[in-house]
Amino acid sequence: MKSRIIDAKFFSAQVTSKTIWLFISLKDLNNIEGWGEVSLQGKESEVYKIKNHIFNIILNQNYTSPYDFKNKLPFSNIVEACISSGLMQCLWDIQGQFENKSISSLFGTKRSTIDIYANFNRITMDRSLAGVSEEAKKVALQNFDFVKFAPFDEVNPKMETNEMLSTMRMGIDRIERIKDVFGSKTKIMIDCHWRFNYEASIELLKECKKFNLYWLECPIPEDIENINSIRKLRSTANNFGIKLAGLEKKILKEGFSKFINAETYDVMMPDVKYAGGPDEMMEIEKLFLKNNVEFSPHNPTGPISYLQTLHVCASVTNNVLMEHQFEETSYFHKLLNNLAPKIVNGKSSIDTSVSGLGNSINKNVLKDIN
C-alpha cells in the first residue's frame, strides 16, 4: 500500500455531565477515512493543545504501512501516547479498508466471539447502598459472568492509613450489596483507582477475603518506587484466592517490562488508546504470554475504542476478558453509523469480514451533541 494522509480531524463529544469522548479521523489520498479514539478523562485540554503538532508528523508523508510511522510518533507521556495511539488506530482502519480486510484479519483472526465483563460504576449515579443494589440488579438481568465496580468513593490517597480504613467501610458495604445481588455464580472485580497505600491495602484484602473476589484492581499508585509493595500485595491477594490487576495507563511494551520482571500483577490491562494502538496491543500480549501474565484490555470509554479492542481480542492468542462500560450513555450506539455488535450473556460477536474497523462515527450526531 502506497499512500499519504492528507487530512486529520479532531472531535469532542460530551456524552454525560462527567464524560467526554475524543475521536480522531484521518483521510488518505484515496479518500479512505479511518477512526481512532483518544478519550483521556481529565486531560482533554492537554490532548487538544498538542494534537496538531503530532498530526503534522504524519500529514502529507508518503508511507506503505502504519509501521512506517510508529517510530516517528511520540510516546513520552500519557497525553502524547493517547494521540499517537489514536493515530495508529486510524492508520490500521485505513489499511484494512484498503486491503478489504478487517483489522483483526490484518493480524490474524483467531475467534469471532469475545468474553466481556460489565463495568457498571459510571452508570451508578446514586452511590447509596440502595442505588448500588438497583444498578447491580439491572446488570444481573444481562447474565454477565464477570462484573466490575469501584466502590471506594470516600477514600482519598492523601489520607493517613487509619482514616483510609475508617472511610473504606462504605465501600465494603457496597461490595456486600453487590455480592448479595449477584450471588456466587458471577465473578466480581473491584477497582480501587489507586486510592490506598500499602498498609491500608493489606487490611482491605483481609476484609475482601470473605467476598471471594475474582480480582482487586489498582489498590496503590503504580510508580516504580511501589513495585516491591505491589509484588507483596499480589502475594497476599493470591493467598486469599484473589488476583491482582492493574497497569491500565502504561505505554508501549516498555511500560510494562519492569512490572512484569518484578512479578507484580496476575492480570495486566493495556488500553488501545494509550498503549500504542492495535499493533502494539498484539506485541504486548505476546510479551505477557512469555511471562505468564494475563492480558485483559482496559476499555471503559467510547464506541471506537470498544471496536478497536474487539478486533485486538479477536486476534490475540488466548480468548481474553475484555472490559465494557455498561450502559453509561445511549450515545455509545447513537454515535455509530452502523450497529455495534451486541453483547449477549457476557459475550460479544465480531464480524471479521468487514473492511478495517467496520464502523465509523456519525458526524451529524456529533454536531447535535455539541
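What counts, and where the lines are drawn
Numbers given to residues run from 1 along each chain, matching the order in which its sequence is written. Only residues with pLDDT of at least 70 get local features here, since the model is predicted, and only at 80 or more are side-chain atom pairs given and counted; chain-wide, interface and lining totals rely on the full set of residues. With hydrogens and water stripped out, all remaining heavy atoms of the structure feed into the side-chain values. To qualify as a helix, a DSSP run of H or I must reach at least 4 residues; to qualify as a strand, a run of E must reach at least 2; elements of each kind are numbered from the N terminus. Each radius of gyration reported is based on C-alpha atoms, and the globular scaling rule is 2.2 Å times the count of residues to the power 0.38. Burial classes: relative accessible area under 20% of the type maximum marks a residue as buried, over 50% as exposed, and values in between as partly exposed (1.4 Å probe, protein chains only). Two residues form a contact once any of their heavy atoms are found within 4.5 Å. The accessible surface values rely on the Shrake-Rupley method and a 1.4 Å probe; as for residues, cover is taken only from the protein chains in view. A pair of aromatic rings is counted whenever rings of Phe, Tyr or Trp (Trp by its six-membered ring) have centres within 6.5 Å, and the orientation is called stacked for planes under 30 degrees apart, edge-to-face for over 60 and tilted otherwise. Lysine NZ or arginine CZ positioned within 6 Å of the ring centre and within 35 degrees of the ring normal marks a charge as sitting over the ring. Residues grouped as a nonpolar core are buried Ala, Val, Leu, Ile, Met, Phe, Trp, Tyr and Cys residues, joined through side-chain atoms within 4.5 Å. For this document, the term salt bridge refers to a Lys or Arg side-chain nitrogen within 4 Å of an Asp or Glu carboxyl oxygen. One requirement defines pairing of two strands: DSSP has to find at least two bridges between them. Angular values range over 0 to 180 degrees, each being the angle between N-to-C directions of two axes fitted as lines to C-alpha atoms, with helices fitted over their stretch in contact. Here the word oblique covers every angle except those under 35 degrees (roughly parallel), over 145 (roughly antiparallel) and from 65 to 115 (roughly perpendicular). Any residue that is not Ala, Val, Leu, Ile, Met, Phe, Trp, Tyr, Cys, Pro, Asp, Glu, Lys or Arg is counted as polar, Gly included; the first ten are nonpolar and the last four charged.

For the protein chain, the count of helices and strands is 14 helices and 14 strands. Its C-alpha atoms give the protein chain a radius of gyration of 20 Å, within 12% of the compact-globule value 21 Å for 370 residues. Projected onto the principal axes, the alpha-carbon positions of the protein chain cover approximately 60 × 40 × 40 Å. A buried classification covers 58% of the 370 residues belonging to the protein chain. Long-range contacts, defined as pairs at least 24 residues apart, comprise 74% of the intrachain contacts of the protein chain with a sequence gap of at least 6. Summed over all atoms, the accessible surface of the protein chain reaches about 15,400 Å², with 45% contributed by carbon and sulfur.

This part takes up the packing of aromatic side chains. Taken as a whole and assessed by the stated rule, the structure comprises 16 aromatic pairs. Following the ring pairs from residue to residue traces out a cluster consisting of Tyr-117, Phe-146, Tyr-214 and Trp-215. For Lys-51, the ring lying beneath its charged end belongs to Tyr-48, and the centroid distance is 4.7 Å. Over the ring of Tyr-331 we find Lys-334, and its NZ or CZ is 5.4 Å from the ring centre.

Counting 115 residues, the largest nonpolar core has Leu-26, Phe-120, Phe-152 and Leu-335 as its most contacted members. Sorting elements by how many residues they give to this core places helix H3 (residues 78–99) first, with 11 residues. Apart from residues no more than four positions distant in its own chain, Leu-26 is found in contact with Ile-5, Asp-7, Ala-8, Ile-32, Glu-33, Gly-34, Ile-58, Leu-87, Cys-90, Leu-91 and Ile-94. If you look at the next biggest cluster of nonpolar residues, it comprises nine residues, including Met-189, Ala-245, Met-269 and Leu-321.

Proximity of charged atoms lets side chains of opposite charge pair with each other. Taken as a whole, this structure holds 21 salt bridges when the rule is applied. The partner of Glu-280 in a salt bridge is Lys-70, with the nearest N and O atoms 3.0 Å apart. With Glu-280 in helix H11 (residues 278–290) and Lys-70 in helix H2 (residues 67–70), this residue pair connects regions lying 210 residues apart in the sequence. Each member of the pair, Glu-280 together with Lys-70, is buried. Between Lys-138 and Glu-135 there is a salt bridge, with the nearest N and O atoms lying 3.4 Å from each other. One end of the pair is Lys-138 and the other is Glu-135, both in helix H5 (residues 129–140) and three residues apart, which spans about a single turn. Its relative accessible area of 38% is what places Lys-138 among the partly exposed residues. For Glu-135, a relative accessible area of 11% puts it in the buried group. Residues joined in a network through salt bridges with shared partners are Lys-70, Lys-253, Asp-279 and Glu-280.

Within the element layout of this structure, Lys-18 appears in the loop between strand S1 (3–14) and strand S2 (20–28). Spatially, the C-alpha atoms of Lys-18 and Arg-122 are 9.1 Å apart, while their sequence positions differ by 104 residues.

We now examine the environment of His-324. Positionally, His-324 belongs in strand S12 (residues 321–325). Note on His-324: relative accessible area 10%, which makes it buried. As a C-alpha pair, His-324 and Ser-3 span 321 residues in sequence and 34 Å in three-dimensional space.

Now for the sheet that holds S1. Strand order in the open sheet made by the four strands is S3-S2-S1-S4, with antiparallel pairing throughout. The sheet terminates laterally at strand S3 (33–37) and strand S4 (62–63), the two strands that pair on one side only. Sheet topology note: the S1/S2 ladder contains nine bridges and is antiparallel. When the sheet's bridge partners are listed, Lys-9 is paired in S2 with Ser-25. Taken strand by strand, helix H1 (residues 44–58) contacts S1 and S2, and its axis lies near 170 degrees from that of S1. Sitting on the sheet, helix H12 (residues 303–315) is in contact with S2 and S3, with an inclination near 100 degrees to S3.

Counting buried residues along strand S5 (residues 113–119), six of its seven residues qualify, which places the element largely inside the surrounding structure. Direction of pairing for S5 relative to strand S14 (residues 347–349): antiparallel, over a ladder of three bridges. Considered in S14, the bridge of Asp-115 is made with Lys-347. In this structure, S5 lies alongside S12, joined through five bridges in parallel fashion. When the bridges of S12 are listed, Ile-116 appears paired with Met-322. Pairing between S5 and strand S6 (residues 146–149): two bridges, direction parallel.

Turning to the pairing of S12, a few remarks are in order. As a general feature of sheets, a regular strand has side chains that alternate between the two faces. Burial analysis of S12 places five of its five residues in the buried class, which makes it a mostly covered element. Alternating positions in S12 separate into two faces, Leu-321, Glu-323 and Gln-325 on one and Met-322 and His-324 on the other, with burial throughout.

This brings us to the packing of helix H8 (residues 198–208) against helix H9 (residues 227–239). Interaxial distance between H8 and H9 falls to 10 Å at its minimum, and their mutual angle equals 10 degrees. In terms of orientation, H8 and H9 fall into the roughly parallel class. Contacts between H8 and H9 involve Tyr-198, Ser-201, Ile-202 and Leu-205 from the former and Ser-229, Lys-232, Leu-233, Thr-236 and Ala-237 from the latter. Grouping the constituent residues of the contact of H8 with H9 by class yields five nonpolar, three polar and one charged.

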